[in-house]
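A look at the structure
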Amino acid sequence: MNALHGHANPLVGIGLKIASVSVFVGMSAFLKAAGQLPAGQLVFFRSFFAILPVLIYLAYRGDLRMAVYTKRPMGHVMRGVIGVSAMGLSFFALTRLPLPEAVTINYAQPLFVVMFSALFLGEAVRFYRWSAVVVGLIGVVIVSWPNLSMLGSGSGMESGELAGVVAAFCAAAMAAVAMLQVRSLVQTEKSAVIVIWFSITASVFGLLTLPFGWRAIDTWQTIFLVSAGFCGGIAQILMTEAYRHAEASTVAPFEYTSIILAIAVGYVAFGEPPTPYVILGGAIVVAAGIFIVWRERQLGIERRRAKNNVPPQ
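Now for a quick tour of the structure. (Residues numbered from 1 in each chain as written. Predicted model: local features only at pLDDT ≥ 70, side-chain atom pairs only at ≥ 80, totals over all residues. Heavy atoms only, no water.)

In this section: the pattern of salt bridges. Scanning the entire structure with this criterion turns up three salt bridges. Glu255 is the salt-bridge partner of Lys17, the closest N and O atoms lying 2.6 Å from each other. Of the two residues, Lys17 sits in helix H1 (residues 10–33) while Glu255 sits in the loop between helix H11 (248–251) and helix H12 (257–270), which places them 238 residues apart along the sequence. Look at Glu255 and you get partly exposed, because its relative accessible area is 25%. Between Lys32 and Glu272 there is a salt bridge, and its shortest N-O distance comes to 3.5 Å. Of this pair, Lys32 sits in helix H1 while Glu272 sits in the loop between H12 and helix H13 (276–308), and the two are 240 residues apart along the sequence. In this pair, the class of Lys32 matches that of Glu272, namely buried. (Salt bridge = Lys/Arg side-chain N within 4 Å of Asp/Glu carboxyl O. Helix = DSSP H or I, 4+ residues; strand = E, 2+ residues; numbered from the N terminus. Buried < 20%, exposed > 50% of the residue type's maximum accessible area, 1.4 Å probe, protein only.)

Moving on: the packing of H1 against H12. Relative to each other, H1 and H12 sit at 35 degrees, their axes nearing to 10 Å. For the element pair H1 and H12, the recorded crossing hand is right-handed. Together, Val21, Ser22, Val25, Ala29, Lys32 and Ala33 of H1 and Thr257, Ser258, Leu261, Ala262, Val265 and Phe270 of H12 make up the contact between the two elements. (Axes fitted to C-alpha atoms, helices over the stretch in contact; angles between N-to-C directions. Left-handed = near helix turned anticlockwise from the far one by under 90°. Contact = heavy atoms within 4.5 Å.)

Dropping the structure here:
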């Protein structure tokens, strides 16, 4: 999803990225507003109703006929299994935690990507990025500390918030594994194919949880869930277009605007004022994530120079 040559427009890319992040926060708010429903039920609505806007987008681009064509179906299925597991855990956390906490802990994902890239793919990760990972994880612990401190008393267990923290943390780790699988898939697959296959796989797995206790939902819950699905599809389209107009390293830091949006939405819509732990820990997580993005950009520049035999400036 790199920017196309001749169509680079960083300001447009940044604007689309912020719009994508805003819609994703809206999706999370709709899911939270639907109440404490089973994670599988949330996954189905989020995934199934995201397919329609994506199909409309593909038809507009003339790519509809190739939307599901792939030579690596099992690769997509494996990515789907891991991605659905991460999605289910994150949705469970969303229904148990205040919105700002759930969104902030999710940003442990890029930290896990760095860790897993080094441990499982043998990528060279040096001192600076390892330091950023450690600092970022400290930020996540600070955000989670009020709930982690309840572990001894058991009150966290009663409220379900401790379970939400654990689920959010596990979701971030599994999402990182899914991201590494996507890195492999993009070598041979188009972005649209990856999106469609994941949406279909997630819908099927979500539907398979129906016998395990979906809950009856009223009209407003249905509206919230369907809206969450549409928001997910639209946000995915906006994100894809953002990367068409600007390099990933340019737009990636704006992902963190979602923390600010989540704090605002959490306060206005759900009466969840941000705690000092969320503000301090969130700032640390954001700083660590932006540093990793910056370091990746610098390393990319160095690799291109080495490839083209260009001396450093």
